[in-house]
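Residues per chain, in single letters:
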Amino acid sequence: MEKGIKQKQFTEDEYTELTTKIVSCCVSVHKEMGPGLLESVYEYCLMKEFELRGINAQRQVEIPLIYKGFEIKKYLTIDILVEEEIVLEIKSAEAMNPLYEAQLLSYLKLASKKIGYLLNFNVPLMKSGIRRMRNGY
């Protein structure tokens, strides 16, 4: 597990190219594995898919919790961080809960990241399980 996150500036074109690759990887994993497995299975499979395609990704990245300028001895954990820039929150749920969206938005804000994906692999077609979210910071 890694603590802390490096900052990098991406252009809109770079974001578009990277997010297209991420979606393609998710679809590939879903086609291969199908729905109904544990979130951790999809996380490991996505990491392998990213590796196969030469995409830099880290799993279980810890974000230090800062409260009123003080670092608390507690960390929030991002499922996957792609190219140190895109946050992925992996789910395998029957239905998407609005709490999942709030969780992802909080992670984006606390990690100072611009784009994140809420990915629910427990769906018949992966495209219906992908929710892109943007941080308004």
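Residues numbered from 1 in each chain as written. Predicted model: local features only at pLDDT ≥ 70, side-chain atom pairs only at ≥ 80, totals over all residues. Heavy atoms only, no water.

S.K.: Describe helix 3 (residues 98-111), and please don't skip the residues or the numbers.
M.R.: Between the first and last C-alpha of helix 3 there are 20 Å, a value that for 14 residues agrees with the 20 Å anticipated at 1.5 Å per step. Every buried residue of helix 3 is accounted for by Leu104, Tyr107, Leu108 and Ala111. Relative to the axis of helix 3, the buried residues are bounded by an arc of 100 degrees and lie together on one face. For helix 3, the exposed residues set more than 90 degrees away from the buried face come down to Pro98, Leu99 and Lys109. Considering only its buried residues, helix 3 is in contact with strand 1 (57-67), strand 2 (70-82), strand 3 (86-91), strand 4 (115-120) and strand 5 (130-134). One side-chain oxygen at the N-terminal end of helix 3 lies 2.8 Å from the backbone nitrogen of Leu99; it belongs to Asn97. Ser112 sits one or two residues past helix 3 and shows a positive phi near 55 degrees. (Helix = DSSP H or I, 4+ residues; strand = E, 2+ residues; numbered from the N terminus. Expected span 1.5 Å × (residues − 1). Buried < 20%, exposed > 50% of the residue type's maximum accessible area, 1.4 Å probe, protein only. Arc of directions from axis to C-beta. Contact = heavy atoms within 4.5 Å. Polar contact = N/O pair within 3.5 Å; in protein donor to acceptor, adjacent residues only side chain to side chain.)

S.K.: Tell me about the nonpolar core, residues and numbers included.
M.R.: If you look at the biggest cluster of nonpolar residues, it comprises 23 residues, and the most contacted ones within it are Leu46, Phe50, Val82 and Leu88. When contributions to this core are tallied by element, the ones reaching two or more residues are helix 1 (12-33), helix 2 (39-52), strand 2, strand 3 and strand 4. What Leu88 contacts, discounting residues up to four positions off in sequence, is Ile22, Phe50, Ile78, Asp79, Ile80, Val82, Tyr117 and Leu119. Ranked by size, the runner-up nonpolar core spans eleven residues in total, among them Val61, Ile78, Leu108 and Leu118. (Core = buried A, V, L, I, M, F, W, Y, C linked by side-chain atoms within 4.5 Å.)

S.K.: Help me get a handle on unusual backbone geometry, residues and values and all.
M.R.: At Gln60, a residue that is not glycine, the phi angle is positive and equals roughly 55 degrees. Mapping Gln60 onto the fold places it in strand 1.

S.K.: Help me get a handle on the packing of aromatic side chains, residues and values and all.
M.R.: Inspection of the entire model under this criterion finds one aromatic pair. Taken together, a centroid distance of 4.5 Å and an interplanar angle of 10 degrees make the contact between Tyr42 and Phe121 stacked. Of this pair, Tyr42 sits in helix 2 while Phe121 is found in the loop between strand 4 and strand 5, placing the two residues 79 residues apart along the sequence. Exposure remark for Tyr42: the relative accessible area of 0% places this residue in the buried category. (Phe/Tyr/Trp six-rings, centres within 6.5 Å; stacked < 30°, edge-to-face > 60°.)

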